[in-house]
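Coordinate analysis (summary)
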Amino acid sequence: MLYIDANGAHFIIDKGGSIYQTASLFRITYHVGLMRSRCLITQRCEPAELKKLLS
């Protein structure tokens with residue numbers, strides 16, 4: 001099965017620096033859609049965050 005423009009995450013890091021493993025490293029992961037930063041979705045990005053996302 002081919003997933004064009006699909007993203008997956010094996011690890012997620014929260015703002016506090018905690019790391020969560022979401023899938024085995026031995027598996028391919030696919031996301032339902034494009035992954036986007038939470039601050040872009042809520043339109044509440046700090047200037048430093050926005051600069052990193054847009055660079």
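Everything below is about the structure shown above.
The structure contained in this document is the topic of the report that follows. All of these numbers come straight from a predicted model, not from anything done at the bench. (Residues numbered from 1 in each chain as written. Predicted model: local features only at pLDDT ≥ 70, side-chain atom pairs only at ≥ 80, totals over all residues. Heavy atoms only, no water.)

**Points about the overall build of the protein**
- Per the secondary structure count, the protein includes 2 helices and 2 strands.
- Taken over 55 residues, the protein has a buried fraction of 5%.
- Element-wise, carbon and sulfur atoms account for 57% of the exposed surface of the protein, whose accessible area totals about 5400 Å². (Helix = DSSP H or I, 4+ residues; strand = E, 2+ residues; numbered from the N terminus. Buried < 20%, exposed > 50% of the residue type's maximum accessible area, 1.4 Å probe, protein only. Areas by Shrake-Rupley, 256 points an atom, 1.4 Å probe, with all protein chains shown as cover.)

**Overview of a nonpolar patch on the surface**
- On the surface, Phe11, Ile13, Ile19, Leu25 and Phe26 cluster together into a nonpolar patch covering about 630 Å² of accessible area.
- Tracing the chain through its elements places Ile19 in strand β2 (residues 19-21).
- We classify Ile19 as exposed; its relative accessible area is 58%. (Patch = residues over 30% accessible without salt bridge, like charges linked within 9 Å, V, L, I, M, F, W, Y side chains within 5 Å. Salt bridge = Lys/Arg side-chain N within 4 Å of Asp/Glu carboxyl O.)

**Describing the pattern of salt bridges**
- Applying the stated criterion to the full structure yields 1 salt bridge.
- Salt-bridge contacts for Lys15 lead to Glu49; the nearest nitrogen and oxygen are separated by 3.5 Å. You can see Lys15 sitting in the loop between β1 (11-13) and β2 and its partner Glu49 sitting in helix α2 (residues 47-54), a full 34 residues away along the chain.

**Examining unusual backbone geometry**
- You will see that Gln43, though not glycine, has its phi angle at about 60°, which is positive.
- Relative to the assigned elements, Gln43 resides in the loop between α1 (38-42) and α2.

**Topic: the state of the cysteines**
- Enumeration according to the criterion identifies 1 disulfide in this entry.
- Two residues, Cys39 and Cys45, share a disulfide whose sulfurs are 2.1 Å apart. An S-S torsion of about 85° defines the bridge between Cys39 and Cys45 as right-handed.
- Since its relative accessible area comes to 9%, Cys39 is described here as buried.
- Residue class for Cys45 comes out partly exposed when judged on its relative accessible area of 22%. (Disulfide = S-S within 2.5 Å.)

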